[in-house]
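Residues per chain, in single letters:
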Amino acid sequence: MTNLKGKKILLGISGSIAAYKSAFLARLLIKEGAEVQVLMTPSAAAFITPLTLATLTKRPVFSEVSTEESWNNHVELGLWADAIVIAPATATTLSRLACGLADNILVAAYLSARCPVFFAPAMDLDMWAHPATQENVRRLQSYGNHLIPVGGGELASGLTGPGRMAEPEAIVEYLRRFWQGGQSLAGRKVLITAGPTYEPIDPVRFIGNRSSGKMGLALAEEAARRGAQVTLVLGPSRLSPRHPAVQTIRVETAEEMHQAALRHFPDADIGILAAAVSDYRPKEASPEKIKKKSGSLHLELVLNPDIAAALGKSKKPGQLLVGFALETQNELANALEKLEKKNFDCIVLNSLQDAGAGFNVDTNKISILHKNNKISNFELKPKAAVAEDILDEVEMLLRQP
Ligand code: PMT
């Protein structure tokens, strides 16, 4: 039995010459045992006929949200799917997806879906290299979507360079690996904290920080992909995980995050604390907006609970606790102190001294410090890949007697 067997896949096709490869892709997916429903953007039909795809998939192809006779329910389609694969994804479709412009059935179904989304871009090399396209790709990845990298070579324009859609076999292999990864943490429960906390000053203002939640979300998605049951305690972040195995608890303050973490840690095998928790909060939050007066305003701050230290204290044999350290100086010494004090099994160090690392970026550069003084150093890479490195080390710890 292949691991695509029984998977329901929405295959989104947009208007590119590479659309002819989508017929091969549909055929390969079906051969692997997947059910394939094709959605086409209006311009895709200029490159490949709906009849070809309907014949291959044995299902009608949808290219309009509604016609004079019927309405195609994009919400139902989005919820039906185990995965959406958009191949080819043109520059225009990437832009529509990135900004949520749901003026065709493909983007409407994408916005309604809760499943993993994969996109395989196809375009000319200059369009691919343009900052607007690259920004759209980054935005889509930051929402948890998976980029299937473009290939290089001769393009339809006659130019040579990156921009070719990945070959159908490579796309199928990517999906296979995605679902294969789902085994290594099967049966494990993982608790992850992520994002900032907001500590109210009054109904309008708060003390917060620059965390976007991207690092914690990438960890939640990757742990879920490896088969874990994931509880994500997420501070105020505009992002949401897409993987159905991630249960998200939204919180705002450190105290709320503390309560949620205490509730779920006893049942967890692994805790990973990626949240940037405010160490202090205003002693009292004013019920009314504080009015401006002449002179300075003094706020009294009190200590917030240290969630990591509380979990470290309550840790039972067999549970693993992984902390983060965000440092600006004396990185190693500070991280080692936190490793010890908070009773972590290992700690992920990221430094704001490293360009592209830390808050609110799509990449990170980390070192993982272990209790036995072992240090693993990693290159700057996308947070999704960083999450893989962290979970690989966690799995190594799980295997140790
Ligand atoms: O969300 P992103 O924009 O992707 O950014 C990711 C990140 C930079 C926030 C992340 O990679 C990171 O470093 N998170 C930890 C940030 C932090 O607050 O570190 P710290 O050194 O202050 O805290 C040490 C550890 O104790 C952390 O695991 C933290 O979650 C935990 N802690 C801290 C204070 C507190 N009151 N309770 C805690 O649990």
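Reading the values: rules and limits
- Residues numbered from 1 in each chain as written.
- Predicted model: local features only at pLDDT ≥ 70, side-chain atom pairs only at ≥ 80, totals over all residues.
- Heavy atoms only, no water.
- Helix = DSSP H or I, 4+ residues; strand = E, 2+ residues; numbered from the N terminus.
- Buried < 20%, exposed > 50% of the residue type's maximum accessible area, 1.4 Å probe, protein only.
- Contact = heavy atoms within 4.5 Å.
- Pairing = 2+ DSSP bridges.
- Axes fitted to C-alpha atoms, helices over the stretch in contact; angles between N-to-C directions.
- Near = heavy atom within 4 Å.
- Polar contact = N/O pair within 3.5 Å; in protein donor to acceptor, adjacent residues only side chain to side chain.
- Nonpolar A, V, L, I, M, F, W, Y, C, P; charged D, E, K, R; others polar.

A few words now on the environment of Gly-358. By secondary structure assignment, the location of Gly-358 is in the loop between β17 (346-351) and β18 (363-364). By relative accessible area, which is 9% here, Gly-358 ends up buried. Separated by 146 residues in the primary sequence, Gly-358 and Ser-212 place their C-alpha atoms 9.8 Å from one another. If sequence neighbours within four positions are ignored, Gly-358 has contacts with Leu-326, Asn-350, Leu-352, Thr-363, Asn-364 and Lys-383.

Strand order in this open sheet of 5 strands is β2-β1-β3-β4-β5, and the pairing throughout is parallel. Edge positions in the open sheet fall to β2 (35-40) and β5 (146-147), since each of these has one partner strand only. Pairing of strand β3 (residues 83-89) with strand β4 (residues 117-121), which is carried by 4 bridges, proceeds in the parallel orientation. Bridge assignment links Ala-89 to a residue of β4, and that residue is Pro-121. Across the sheet, helix α2 (residues 50-57) is in contact with β1 (8-13) and β2; its angle to β2 comes to roughly 165 degrees. The strands that helix α4 (residues 91-99) touches are β3 and β4; relative to β3, the one it contacts most, it runs at about 140 degrees.

Below, the discussion takes up the site of the ligand. Close to the ligand lie 27 residues, the nearest being Ser-211, Ala-275, Lys-338, Asn-350 and Asn-360. Within the backbone of Leu-326, an N or O atom sits 3.3 Å from an oxygen atom of the ligand. Side-chain polar atom of Lys-338 to an oxygen atom of the ligand: 2.5 Å apart, as the coordinates give it. The greatest single-element share of the shell around the ligand, amounting to 4 residues, is contributed by strand β16 (residues 320-327). For the shell around the ligand, a count of residues per class yields 13 nonpolar, 8 polar and 6 charged.

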